[in-house]
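Below, each chain spelled out in residue letters.
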Amino acid sequence: MHRVVITGQGTINALGASVPVTLDAFKNGRCGIGPLDIRDVDRLSIQIGGQVRDYDPNAEFNRQQIALYDRYTQFSLIAAKEAIEQSGLSFSGSLAAESGVVLGTAGGGMNTQDENYRAVYEEGKNRVHPFVVPKLMNNAAASHVSMQYNLKGPSFTVATACASSNHAMGQAFHMVRSGMSRVMITGGSESMLCFGGVKAWEGLRVMSKDACRPFSANRNGMVQGEGAAIFVFEELEHARARGAEILAEVVGFAMSSDAGDIVMPSKQGASRAIEGAIRDAKIAKTDVGYINAHGTGTAANDKTECAAVADVFGAHADRLMMSSTKSMHGHVIGGTGAIELLACIMALKDGIVAPTINYEEPDPECALDVVPNEARETKVDVALSNAFAFGGLNAVLALKAI
Amino acid sequence: MTTDVKTKVVEIIAEQAVLEPGDVTMDQSLEDLGIDSLGLVESIFAIEEAFDITVPFNANDPTEGDFDISSVAAIVKAVERLVAEQKA
């Protein structure tokens, strides 16, 4: 068993186009959610989202690249560049041969699908661009990251809806811990903020029309976001030997399946994943100082998640902090766990816990310290990141300060 | 209650509950009929499609949209009101 550390992190999301800008937003409780600027927004009943703004793909990529890169792939490549540059790694020889890319996404190239369905169905066109398939496929982002950085090891995409990136990072963690790879690039990306993407979510009647207010008694649903976060997971001795800056250690991971309902969450399923991650990390429950919640802002998730945490931690549940940064960047679906891991690393490394903003009224069914509205300076030794997907698929990561 | 709206709403609810329309009574709640939250969302979609109306309903707060779902009779009444308002 090898120890696994994080030596690079990168992101682009509604809060900003880099890690420093995103962390600044976390520290100041800044909200990235606002009116959606997408085609046919007037035909949507949900018109807000955590959209990446002031973004010009032409400033980042050339024409040939844009022909192949869906927006979710573009986000992945931007985040990967920041992460890999920070790590200082370059990949050649045996390191390249064993290093791979495991990313999470739920919808893959949703914008490409939306645009091209529109072209053939609505506009009656009988021809689409030749690269539609390689652009929309769910593994496009992982493949382009591998091509860009010469990563020739095990690479694939994990799709478990809202837990996709936590499942992906769990796989990367296992690969480095087992000795299969010394370095893995991992995280997730999503870009579903297009007419068809939002319209589909509207149908479920779980979206808020005004704000994401996790754990607040007046919460009225989730708000969708978009973006990516990518990390460099590296074997500890490899990182030390080259003098790399270590951001945090990944110490545990667990998965569970509710085997219950396709959309309603289960307290038992969530509890088993949280318990499993703590057991895998070989830490005491009382070591956990912060949990980045799944915290979607729906009635069902937030009370179930709080009940699961109360069950697992007992009296310690009242002493730990649990916040949902979805209140700021929105629910980034298959990429959300990756963006939220940034808040866990910030808590461990900088001693600042990101708040749950838009918190207005206490809910007796969510009676934990949800770090309402303002970030908090405090030392955190161990942080957990929860993700509980539709389909009842749960994945929890445990990180430790180093 | 207009017969048309009542008949159609009962048909939709009966289909969701896997019952004959004759077995659905006005005083029953959706819970009595064994319809869960997903079944409710599906029923509301079917009602919107059948009457070409928009039902204000958020699963996070079923009371928020002023659409009373406490019994079959309440739903029929709420649909009648929406049809009258939105078709006016």
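Sequence order as written defines residue numbering, which begins from 1 separately in each chain. As they are written, the chains are lettered A onward and the ligands numbered 1 onward, keeping that order. Totals for whole chains, interfaces and linings use every residue, but because this is a predicted model, local features are given only for residues with pLDDT of at least 70 and side-chain atom pairs only at 80 or more, for both listing and counting.

Observations concerning the overall build of chain B
Going by this rule: Helix numbering and strand numbering both begin at the N terminus, where a helix is a DSSP run of H or I of at least 4 residues and a strand a DSSP run of E of at least 2. Note that the radius of gyration is over C-alpha atoms, with the globule rule given as 2.2 Å times the number of residues to the power 0.38. Our exposure labels follow a C-beta count within 10 Å of each residue's own C-beta, placed from the backbone: buried means 20 or more other C-beta atoms, exposed means 12 or fewer, and partly exposed covers the counts in between. Remark: residues whose backbone-derived C-beta atoms lie within 7 Å of one another are considered to be in contact.
Broken down by element type, chain B carries 3 helices and 0 strands. Along chain B, helices and strands appear, N-terminal first, in the series α-α-α. Relative to the 2.2 N^0.38 estimate, which gives 12 Å for 88 residues, the radius of gyration of chain B is 12 Å and therefore close to what a compact globule would have. When the backbone C-alpha atoms are referred to their principal axes, chain B occupies close to 35 × 30 × 20 Å. Across the 88 residues that make up chain B, the buried fraction comes to 24%. Of the contacts made within chain B by residues no fewer than 6 positions apart, 54% connect residues no fewer than 24 positions apart.

Notes on the overall build of chain A
Helices and strands together make up the secondary structure of chain A, namely 15 helices and 14 strands. Relative to a compact globule of 402 residues, whose C-alpha radius of gyration would be 21 Å, chain A shows 20 Å and is just as compact. By its C-alpha atoms, chain A is 65 × 55 × 40 Å across when sized along the principal axes. The buried share of chain A, reckoned over its 402 residues, is 58%. Partitioning the intrachain contacts of chain A with sequence separation of at least 6 by distance along the chain shows that 80% fall at a separation of at least 24.

Let's talk about helix 10 (residues 195-204) of chain A
Residues and elements named next belong to chain A. Quick note on the threshold: Taken from the helix axis, the directions to the C-beta atoms give the arc we talk about.
Taken together, the buried positions of helix 10 are occupied by Gly197, Val198 and Trp201. Projected down its long axis, helix 10 shows its buried positions confined to an angular sector of 90°, all on one face. Turned more than 90 degrees away from the buried face of helix 10, the exposed residues are Ala200 and Gly203. Its buried side turned inward, helix 10 meets helix 6 (110-122). Within two residues after helix 10, Arg205 carries a phi angle of roughly 65°, on the positive side.

Regarding the interface of chain A and chain B
This is how the line gets drawn: Think of it as three bins: nonpolar holds Ala, Val, Leu, Ile, Met, Phe, Trp, Tyr, Cys and Pro, charged holds Asp, Glu, Lys and Arg, and polar takes everything else, Gly as well.
Contact with chain A, which involves 11 residues of that partner, is made by 10 residues of chain B. Within the side of chain A that touches chain B, the residues separate by chemical class into 5 nonpolar, 4 polar and 2 charged.

Comments concerning the domain arrangement of chain A
All names here are of chain A. Here is the rule: Here the bounds of each domain stem from an automatic or database domain assignment.
Under the domain assignment, chain A is made up of domain 1 (4-241) and domain 2 (254-391). Between the C-alpha centres of domain 1 and domain 2 there is a distance of 21 Å. Each partner contributes residues to the interface: domain 1 has 61 residues there, and domain 2 has 51 residues. Elements with a contribution of two residues or more to the side of domain 1 that touches domain 2: strand 1 (4-13), helix 1 (19-28), helix 9 (164-178), strand 6 (183-190) and strand 7 (227-235). Residues of the side of domain 1 that touches domain 2, tallied by class, amount to 28 nonpolar, 27 polar and 6 charged.

Brief notes about the sheet that holds strand 6 of chain A
All names here are of chain A. Rule in force here: A strand pair is defined by DSSP finding two or more bridges across the two strands. All axes here are fitted lines through C-alpha atoms, helices being fitted over the stretch that makes contact, and every angle between N-to-C directions spans 0 to 180 degrees.
One open sheet accounts for 10 strands, arranged 5-4-6-7-1-8-14-13-9-10; its pairing is mixed. The open sheet has two edge strands with one neighbour each: strand 5 (156-158) and strand 10 (321-323). Strand-to-strand twist in this sheet, taken as the mean axis angle between neighbours without regard to direction, amounts to 25°. Of the strand pairs in this sheet, strand 8 (residues 248-257) and strand 14 (residues 393-400) are connected by 8 bridges, and their pairing is antiparallel. The partner of Val250 across the bridge, within strand 14, is Leu399. In this fold helix 9 packs onto strand 1, strand 4 (100-104), strand 5, strand 6, strand 7, strand 8, strand 13 (382-389) and strand 14, with an angle of close to 175° to the strand it touches most, strand 6.

Some words on the pairing of strand 13 of chain A
Residue and element names in this part refer to chain A. The element strand 13 is extensively covered by neighbouring structure, given that 8 of its 8 residues are classed as buried. In this structure, strand 9 (residues 288-292) lies alongside strand 13, joined through 4 bridges in parallel fashion. Residue pairing in the sheet places Ile291 in a bridge with Leu384 of strand 13. Bridging between strand 13 and strand 14 involves 8 bridges; their strand directions are antiparallel. Opposite Asn386, over in strand 14, you have Val396 as the bridge partner. Linking two consecutive strands that pair antiparallel, namely strand 13 and strand 14, is a turn of 3 residues; a positive phi of about 95° is found at Gly391 within it.

Re helix 9 of chain A
Quick note on the threshold: By this rule, a helix spans an expected 1.5 Å times one less than how many residues it contains.
Compared with an ideal rise of 1.5 Å per residue, which puts 15 residues at 21 Å, helix 9 of chain A spans 21 Å between its outermost C-alpha atoms and is within 8% of the ideal. In terms of burial, helix 9 of chain A is largely enclosed, as 13 of its 15 residues are buried.

Examining unusual backbone geometry
Residue and element names in this part refer to chain A. Of note, Asp40 is a non-glycine position whose phi angle comes to about 65°, a positive value. Relative to the helices and strands, Asp40 is located in the loop between strand 2 (34-35) and strand 3 (48-49). Positive phi, normally seen in glycine, also occurs at Lys282, with a value near 55°. Inspection of the secondary structure puts Lys282 in the loop between helix 12 (267-281) and strand 9. Of the residues examined, Lys282 has 9 C-beta atoms within 10 Å and is grouped as exposed.

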